[in-house]
Amino acid sequence: WNSQLSAARSADRFTTLASFGNSYADSVSRQFAWQNDVRFGADSLQVVMEHRQERVESGTLALQRERNTNSVATAWQMRREAHSFSAGLRYDDSSQYHGQTTGSLAYGYRLNKAWRVSSSIGTSFRAPSFNELYYPSFGIAANRPERGRNAEIGVRYASDGQQFSATLYQNRLTDLLVYAPVCPVEAASHQFGCAYNVNRAQLSGLSLAASTRWQQWTLKGTLDLQDPKDETANKRLVRRAREHGTLVLEYASGAWKGGAESVFSGERFDDAANKNRLGGYGLLNLYGS
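All values reported here derive from a predicted model rather than from experimental measurement.

This paragraph deals with the state of the cysteines. A covalent bond bridging the sulfur atoms of two cysteines is what the word disulfide describes. Enumeration according to the criterion identifies 1 disulfide in this entry. Across a sulfur-sulfur distance of 2.1 Å, Cys183 and Cys194 are joined as a disulfide pair. Residues Cys183 and Cys194 are joined by a disulfide whose S-S torsion is about 85 degrees; by sign, that bridge is right-handed. Residue Cys183 is located in the loop between strand S9 (162-180) and strand S10 (194-214), and its partner Cys194 is located in strand S10; the two are separated by 11 residues in the primary sequence.

This brings us to the pairing of strand S6 (residues 98-110). When a strand is regular, its side chains alternate between the sheet's two faces. Relative to S6, strand S5 (residues 83-94) runs antiparallel, the two sharing 12 bridges. Across the sheet, Phe85 pairs through a bridge with Tyr107, a residue of S6. What sits between S5 and S6 in their antiparallel hairpin is a turn of 3 residues. Note that S6 and strand S7 (residues 115-126) share 7 bridges and pair antiparallel. Residue pairing across strands places Ser104 opposite Gly122, the latter belonging to S7. Connecting the antiparallel pair S6 and S7 is a turn made up of 4 residues.

As a further point, take the packing of aromatic side chains. Summed over all chains, the structure comprises 5 aromatic pairs. Ring centres 4.9 Å apart and planes at 50 degrees place the aromatic pair Trp115 and Tyr157 in the tilted group. Here Trp115, found in strand S7, pairs with Tyr157, found in strand S8 (residues 146-159); they are 42 residues apart in sequence, far enough to count as distant. Since its relative accessible area comes to 34%, Trp115 is described here as partly exposed.

You can see Trp76 is positioned in strand S4 (residues 65-80). Linking Trp76 and Ser86, residues 10 residues apart in sequence, is a C-alpha distance of 5.5 Å. Those residues within four positions of Trp76 in sequence are excluded, and the remaining contacts are Phe40, Asp43, Ser44, Leu45, Phe85, Ser86 and Ala87.

Bringing the pairing of S10 into the picture now. Pairing of S9 with S10, which is carried by 18 bridges, proceeds in the antiparallel orientation. Paired with Arg172 across the bridge in S10 is Gln202. Across 14 bridges, the pairing between S10 and strand S11 (residues 217-230) is antiparallel. When the sheet's bridge partners are listed, Thr212 is paired in S11 with Leu219. Between S10 and S11, which follow one another and run antiparallel, lie 2 residues, and Gln215 among them has a positive phi close to 55 degrees.

Before going further, it helps to examine the pattern of salt bridges. Using the criterion set out here, one finds 15 salt bridges in the structure. A network of salt bridges, in which partner residues are shared, links Glu50, Arg90 and Asp92.

Here we come to the side chain of Ser94. Its location among the elements puts Ser94 in strand S5. Engagement of the side chain of Ser94 in a polar contact is seen with the backbone nitrogen of Gln96, the distance being 3.1 Å. Once residues lying within four places of it in the same chain are set aside, the contact partners of Ser94 are Asn68 and Thr69.

On the secondary structure map, Ser159 appears in strand S8. Through-space distance from the C-alpha of Ser159 to that of Lys113 is 8.0 Å; in sequence the pair is 46 residues apart.

Within the fold, Ser71 resides in strand S4. A distance of 3.5 Å separates the side chain of Ser71 from the side chain of Arg90, its partner in a polar contact. Here Ser71 is in contact with Val48, Met49, Glu50, Arg90, Tyr91 and Asp92, once residues within four sequence places are set aside.

Scored by pLDDT, the protein chain has a mean of 93; 98% of the residues are at 70 or more. When pLDDT is averaged over each element of the protein chain, strand S17 (residues 281-288) comes out on top at 98 and helix H1 (residues 130-134) at the bottom at 84.

Another point: the nonpolar core. Generally speaking, a soluble globular protein has its nonpolar side chains buried in company with each other. Counting residues in hydrophobic clusters, the biggest one holds 14 residues, and the most contacted among them are Leu176, Tyr196, Val198 and Leu237. Among the elements of the structure, S9 and S10 are those that each provide at least two residues to this core. With 5 residues, S10 is the largest single contributor of residues to this core. Among all residues touching Tyr196, those that are not within four sequence positions of it are Ile140, Asn143, Leu176, Leu177, Val178, Ala180, Pro184, Val185, Val238 and Ala272. Grouped together as the second largest cluster of nonpolar side chains are 7 residues, Tyr97, Phe130, Leu133 and Tyr135 included.

Cut-off values and rules
- Residues numbered from 1 in each chain as written.
- Predicted model: local features only at pLDDT ≥ 70, side-chain atom pairs only at ≥ 80, totals over all residues.
- Heavy atoms only, no water.
- Disulfide = S-S within 2.5 Å.
- Helix = DSSP H or I, 4+ residues; strand = E, 2+ residues; numbered from the N terminus.
- Pairing = 2+ DSSP bridges.
- Phe/Tyr/Trp six-rings, centres within 6.5 Å; stacked < 30°, edge-to-face > 60°.
- Buried < 20%, exposed > 50% of the residue type's maximum accessible area, 1.4 Å probe, protein only.
- Contact = heavy atoms within 4.5 Å.
- Salt bridge = Lys/Arg side-chain N within 4 Å of Asp/Glu carboxyl O.
- Polar contact = N/O pair within 3.5 Å; in protein donor to acceptor, adjacent residues only side chain to side chain.
- pLDDT = per-residue confidence, 0-100.
- Core = buried A, V, L, I, M, F, W, Y, C linked by side-chain atoms within 4.5 Å.

Structure follows, in structure tokens:
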């Protein structure tokens, strides 16, 4: 039985200096958690209790806000020979959005030493941030919490420094919170874009990942092929590409590590109506430590 207490505090200061006026928003978040992990042979039980305080202060009176969230979550993991199973349940009691329950179920089966298949289903909940609700000329006070239902199935291979995985997924969301530089709602008061709810959205696609290691060299990459769809308008979601991925070549020797990483993305749309097209792009990162 392992028990752990933790406390965290984070602060953020956001300042805008612009021709249409200056503004600021200071936000502080405090979180206290008590986590307990209990092992029963090959099985394990986790119970977590959390308390979170969020507060924002601004020169704008409408942005003076505070909310508290008390949460309890439990997860059970079980292994039986080639089978593995997990179940999770979480309850969040928010002073702003009251009680919310989410959960997940997952199952995996090891075909042999190298190959494994798995599947999972789950639900999600995300409350709008204070900026998404109240920040002047950006937030919309009527924004609703985001809820989702996700299902996926995958296969994974790992042996002698070689790894490969493929995952098919479908995530259906109601009131998805997104940003658009051309606000499709309350346009008169949000001339520079806004955060708003997409009534019904679906993210479905295929995620691929692979890596290989030879002596001190590692080559790895990912590729995501997805259909990010606004089902209400039958359009693609703003600023989401159908394909994106990475390719990394890394060298490690003793305490030293260095490499090159390429990040790429396909074209996207800059507006909810899918009229303003943004071209694809690529980045090259060099790193060392």
